[in-house]
Amino acid sequence: MDLGKIVRGGPSQYLCSEDAICHLDELTVPFASVHIITGKKSFTAFQTVYQKEIKWPVHHYDGTSSHEDMDRLTREIGQADLIIAIGGGRVLDTAKGVNHRLRAQYICIPTVLGTCSAYTPLAIIYNQKHEHVGRDHFQETAYAVLVDLSLLIDSPKDYYIAGIGDTLAKWYEAEAIQKDESQQNDPFVSLGLSAALQTKKLLLQYSEEAVTSMERHQISPAFRIVSDVIVGISGTVGSFARDYGRASGAHAIHNAMSKIQGMSRYQHGIKVAYGLLVLLATLGQHAEVRKLLPFYRRIGLIDALEQFRLKNVNEAKQILAKECVETEIGFRFVFKTFDEAFILNALNQVEALANESSDATLTPQSRS
């Protein structure tokens, strides 16, 4: 059974509140063997809010979200009824892979809001070199997701901005995927696409205020809304629309970037947000790129390849074009045929539009 083609619900329980972690102990009561999978920084952040003695074994992932590390942790744990996953997207994806191998249940506690990983029953897979290799779908969905706002308001802002970028791409990527008449009339596809459109509207409306709230370490309604959008609402897009609500061209650029040295230092959503601009350029939607560029700059997203700290921008463009044609499937959901020159042209268009937009914001005095 292809899990990417069937309608799947989200977590059994989803809680977003200022004290969500307070419910962890009661959620673990039915389980005899409980293990934690986390990262060092993630676990430290969790402990600042949990503030109790940890009564379960703690296991640390190696930072990769790879099959090799999932296998290692599975051997290390041996047997479990429940896995508590604490961390960012790669930690949570690793824990989901381990949970699947152990045939257990799992709880996700995100410590940063960079992706919708806490909500979705799939994992993005990398190798030991941090190169993207694919995705795994799992039969198991989360037993619970705890989005603790008192923890997340003090999390790194750059992850939150990246989460906004990753989620903003949902609507554009899903809308771009080719669909025949039966798929367009599928009520679940329509539901998923409606959720995607809602994520776009809410992010454009509330993101700036949410980022400001984070800078002030104040939990505002806007911060709560954007947090729910990044984790929960965006997670429903693929759940209902399936292959027609999945990642496409923007994520293809992200994945291809993993083959460029030094790109692993940038958060997932930062690269996806740049990829979104490239996707729009391939679709000829230059006006939409121009509309998004001021939003990108106000909240801190990267809008040009030259803003990534690269040794050779032209070489990076060649790598991206080659990978998007030869190894990445994202653009194949959008276009029946395309070549490296097509991707290169889009990359150059984005750079030109970004430069044009930058020039337009300069005063006559600053141009001279």
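Residues numbered from 1 in each chain as written. Predicted model: local features only at pLDDT ≥ 70, side-chain atom pairs only at ≥ 80, totals over all residues. Heavy atoms only, no water.

Visitor: I tried to follow the overall build of the chain on my own but got confused; where do I start?
Guide: Looking only at helices and strands, one finds 15 helices and eight strands in the chain. The globule rule puts the C-alpha radius of gyration for 368 residues at 21 Å, and the 20 Å found for the chain is close to it. Taken over 368 residues, the chain has a buried fraction of 58%. The long-range fraction of contacts in the chain, counting pairs at least 24 apart against all pairs at least 6 apart in sequence, stands at 75%. (Helix = DSSP H or I, 4+ residues; strand = E, 2+ residues; numbered from the N terminus. Rg over C-alpha atoms; globule rule 2.2 N^0.38 Å. Buried < 20%, exposed > 50% of the residue type's maximum accessible area, 1.4 Å probe, protein only. Contact = heavy atoms within 4.5 Å.)

Visitor: Please explain the pairing of strand 4 (residues 82-87) as it appears in this structure.
Guide: Each regular strand displays side chains that alternate between the two surfaces of the sheet. Most of strand 4 is tucked away: six of the six residues are buried. Taking every second residue as pointing to the same face, both faces of strand 4 are buried, with Leu 82, Ile 84 and Ile 86 on one and Ile 83, Ala 85 and Gly 87 on the other. One ladder, built from five bridges, connects strand 2 (residues 34-38) with strand 4; its direction is parallel. Across the sheet, Val 34 pairs through a bridge with Leu 82, a residue of strand 4. Two elements, strand 4 and strand 5 (residues 105-110), share six bridges in a ladder whose sense is parallel. What sits directly across from Ala 85, in strand 5, is Cys 108. Note on the crossover from strand 4 through helix 4 (residues 89-102) to strand 5: the handedness is right-handed. (Pairing = 2+ DSSP bridges. Right-handed = clockwise from strand over helix to strand, strands pointing away.)

Visitor: I'm lost on the UniProt feature "domain: Alcohol dehydrogenase iron-type/glycerol dehydrogenase GldA" (unreviewed entry) in the chain in this one. Help?
Guide: Following the UniProt record, the feature "domain: Alcohol dehydrogenase iron-type/glycerol dehydrogenase GldA" (unreviewed entry) maps to residues 11-148 here. For the annotated span residues 11-148, helix accounts for 30% and strand for 29% of the residues, and the straight-line distance between the end C-alpha atoms is 16 Å. (UniProt positions renumbered as here; feature names shortened; annotations may be inferred.)

Visitor: What should I look at first to understand the nonpolar core in this one?
Guide: Among soluble globular proteins, nonpolar side chains are generally buried collectively. One finds Tyr 160, Phe 308 and Phe 331 to be the most contacted residues of the largest nonpolar core, which totals 94 residues. Broken down by element, this core gets its largest block of residues, 10 residues, from helix 11 (residues 268-282). Residues Phe 31, Val 34, Phe 43 and Trp 56 belong to the second largest nonpolar core, which totals 21 residues. (Core = buried A, V, L, I, M, F, W, Y, C linked by side-chain atoms within 4.5 Å.)

Visitor: What's the story with the pattern of salt bridges in this structure? I'm lost.
Guide: As a working rule, side chains carrying opposite charge can pair if their charged atoms are close by. All told, the structure shown has 18 salt bridges when counted by the stated rule. Salt-bridge contacts for Arg 103 lead to Glu 140; the nearest nitrogen and oxygen are separated by 3.8 Å. Note that Arg 103 is positioned in the loop between helix 4 and strand 5 and Glu 140 in the loop between strand 7 (132-137) and strand 8 (144-148), a separation of 37 residues in sequence. Judged by its relative accessible area of 15%, Glu 140 falls in the buried class. (Salt bridge = Lys/Arg side-chain N within 4 Å of Asp/Glu carboxyl O.)

Visitor: Looking at this structure, how should I read helix 12 (residues 286-299)?
Guide: Since the α-helix packs 3.6 residues into each turn, any two residues three or four apart lie on the same face. Along its 14 residues, helix 12 runs 20 Å from first to last C-alpha, staying within 8% of the 20 Å computed at 1.5 Å per residue. All of the buried residues in helix 12 are Glu 288, Val 289, Leu 292, Leu 293, Phe 295, Tyr 296 and Ile 299. Phi turns positive, to about 100°, at Gly 300, one or two residues after helix 12. (Expected span 1.5 Å × (residues − 1).)

Visitor: What exactly am I supposed to notice about the packing of aromatic side chains here?
Guide: In this description, a pair of aromatic rings is defined by centroid distance and the angle of the planes. Per the stated rule, a full pass over the model turns up 13 aromatic pairs. Considering the side-chain rings of Phe 43 and Phe 46, the 5.9 Å spacing of their centres and the 20° angle between planes classify their relative orientation as stacked. A residue pair is termed a helical-turn pair when its members lie 3 or 4 positions apart in one helix, as Phe 43 and Phe 46 do in helix 2 (residues 40-50) at three residues. The pair formed by Phe 43 and Phe 46 is uniform in burial state, with each residue classed as buried. Through a chain of ring-to-ring contacts, the aromatic side chains of Phe 43, Phe 46, Tyr 50 and Trp 56 assemble into a single cluster. In this structure, Arg 90 is placed above the aromatic ring of Tyr 126, and the distance from its NZ or CZ to the ring centre is 3.8 Å. (Phe/Tyr/Trp six-rings, centres within 6.5 Å; stacked < 30°, edge-to-face > 60°. Lys NZ or Arg CZ within 6 Å of the ring centre and 35° of its normal.)

Visitor: Would you mind showing me how to read the pairing of strand 6 (residues 122-126) here?
Guide: With five of five residues buried, strand 6 is to be regarded as a mostly interior element. Every second residue of strand 6 is oriented toward a common face, with Leu 122, Ile 124 and Tyr 126 on one face and Ala 123 and Ile 125 on the other, all of them buried. Note: strand 6 against strand 7, five bridges, orientation antiparallel. When the sheet's bridge partners are listed, Leu 122 is paired in strand 7 with His 137.

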